[in-house]
Amino acid sequence: MGRVQLKGHRPPLPRYVVEYEVPKGSGKWYVYFRRKGEKDVRMHGTPGTPEWEETYRGLLAGQRPEAKNAARPVEGTFGWLCQQYMASSHFAELDQRTRYVRRGILSHCIGESPKGTKDTFGDVPLSRFTARTVGLIRDNKRDKPEAANGRIKAIRAVFNWATNTDVELAEGNPARDVQYMKPNIRDGEAGHHTWTLEEIERFEKRHPIGTRAHLALSLLLYTGQRRSDVVLLGRQHEKDGWLSFTQHKNRNSKPISLEIPIRPELRKVLDASPTGDMVYLVTEQGKPFTFNGFGNWFRDRCVEAAVPGRAHGLRKAAATRLANAGATAHEIMAITGHQTLKEVERYTKKANQRRLAESASKRG
């Protein structure tokens, strides 16, 4: 059903707001908040009124209306604080993906119950919401350390906001001193699997130059960028053999602008591949990929090539290759856009160990 505008009845509706006549010809109009990737929300009241505008701002910030049978959180509880946080302008300024992930994490946290109790963590008064409470929430995901650490990070963010002098809804941050869990180690490394040279060659054999899959692999490998950046790169970012762009992550809060040279290997692939008008990578329908859509599509191409890696593993592979070639941590950061040495030193440390071991073996 398409969008219908009530001409002459009210000013144009704001972004993401649409109205429908149901059934058509009935004269009954309904207004909905519609944003890609989210469930439609019917908006009651009269557009333009203060109450309606407040609802609209809440929806923009990711605050979904509560079910009619759901009790509102009691003021002064952890659930109430999370609600205030997700309705704040601070939360609204976060990247859309960050809001989506953080909202999901916090919703799960406040809905869980401590063992042996009927109340939820969301019901815990802030005066009794301590580091031990955060530890219990973390430990509910002890079998998934990355998810457990995501909970600590999200709760820290809530209390960092709440303890600001212009907010002052909490006196301290109980998550500040809660330790992160050690990540699961797979094949000697944590997190996403780093592609090996053999796996890259296997993928390239299954998806030769000239295919979209080969183009995607080359962009990930030779730029060292995240999938959220790769799907946005296009010829408008090229200038004199360089790519100039601002990374998508944290672009609204802490933007990171990069200029990186286009490697000869990547130039060869770009010139031999079909690309879109505004972006290099497009779907079979000629449209730009969404972040998640690209991740799912690339995963399928990896399965076809019988390789265990995924998109983010190629970012790690790019950093590893740079380190093995003798690049310093700061040089790697200039390509990948990492902001702390800790994130990239593990690549150079491993590469340095290998070079030292090779040098030592020649002395024997």
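Quick note: structure is the one above.
Here we summarise the structure given alongside this text.

Reading guide: rules and limits
- Residues numbered from 1 in each chain as written.
- Predicted model: local features only at pLDDT ≥ 70, side-chain atom pairs only at ≥ 80, totals over all residues.
- Heavy atoms only, no water.
- Helix = DSSP H or I, 4+ residues; strand = E, 2+ residues; numbered from the N terminus.
- Buried < 20%, exposed > 50% of the residue type's maximum accessible area, 1.4 Å probe, protein only.
- Contact = heavy atoms within 4.5 Å.
- Areas by Shrake-Rupley, 256 points an atom, 1.4 Å probe, with all protein chains shown as cover.
- Lys, Arg positive; Asp, Glu negative; His and termini not counted.
- Charge placed at Lys NZ, Arg CZ, Asp CG, Glu CD.
- Pairing = 2+ DSSP bridges.
- Salt bridge = Lys/Arg side-chain N within 4 Å of Asp/Glu carboxyl O.
- Axes fitted to C-alpha atoms, helices over the stretch in contact; angles between N-to-C directions.
- Parallel < 35°, antiparallel > 145°, perpendicular 65-115°, else oblique.
- Left-handed = near helix turned anticlockwise from the far one by under 90°.

This part covers the overall build of the protein chain. Each helix and strand in the protein chain was counted, giving 14 helices and eight strands. Considering only C-alpha atoms, the protein chain reaches an extent of 80 × 55 × 35 Å along its principal axes. Each of the 364 residues in the protein chain was classed as buried or not, and the buried ones make up 40%. A separation threshold of at least 6 residues defines the contact pool for the protein chain, and within that pool the share at least 24 residues apart is 54%. Total accessible area on the protein chain is roughly 21700 Å²; 51% of this is exposed by carbon and sulfur atoms. Side chains of the protein chain give 62 positive and 41 negative charges; the mean places of these two sets differ by 3 Å.

Residue alternation in strand β8 (residues 257-261) divides its side chains into a buried set, Leu258 and Ile260, and an unburied set, Ser257, Glu259 and Pro261. Two strands pair when backbone bridges link them, and strand β7 (residues 242-246) and β8 are joined in this way by five bridges, in the antiparallel orientation. In the strand pairing of β8, leucine 243 is matched with isoleucine 260.

Glancing now at the sheet that holds strand β6 (residues 238-239). What links the strands of a sheet is backbone hydrogen bonding, and the strands pair in either a parallel or an antiparallel sense. Pairing in this open sheet of three strands is antiparallel, and the strands run β6-β7-β8 from one edge to the other. One side of each edge strand has no neighbouring strand; the edge strands of this open sheet are β6 and β8.

Opposite charge on two side chains permits pairing when their charged atoms draw close. Scanning all chains against the criterion turns up 14 salt bridges. Where arginine 138 meets aspartate 139, a salt bridge forms, and the shortest distance between an N and an O atom there is 2.9 Å. On the basis of relative accessibility, which here comes to 18%, the residue arginine 138 falls in the buried class. Glutamate 284 is paired through a salt bridge with arginine 212; the nearest N and O atoms lie 3.6 Å apart.

Where helix α8 (residues 212-223) meets helix α10 (residues 264-272), the closest approach of the two axes is 10 Å, and the angle between their N-to-C directions is 155°. It follows that α8 is roughly antiparallel to α10 by the angle criterion. Crossing handedness for the pair α8 and α10: left-handed. Each of His214, Leu215, Ser218, Leu219, Tyr222 and Thr223 in α8 lies in contact with α10, whose residues at this interface are Glu265, Leu266, Val269 and Leu270.

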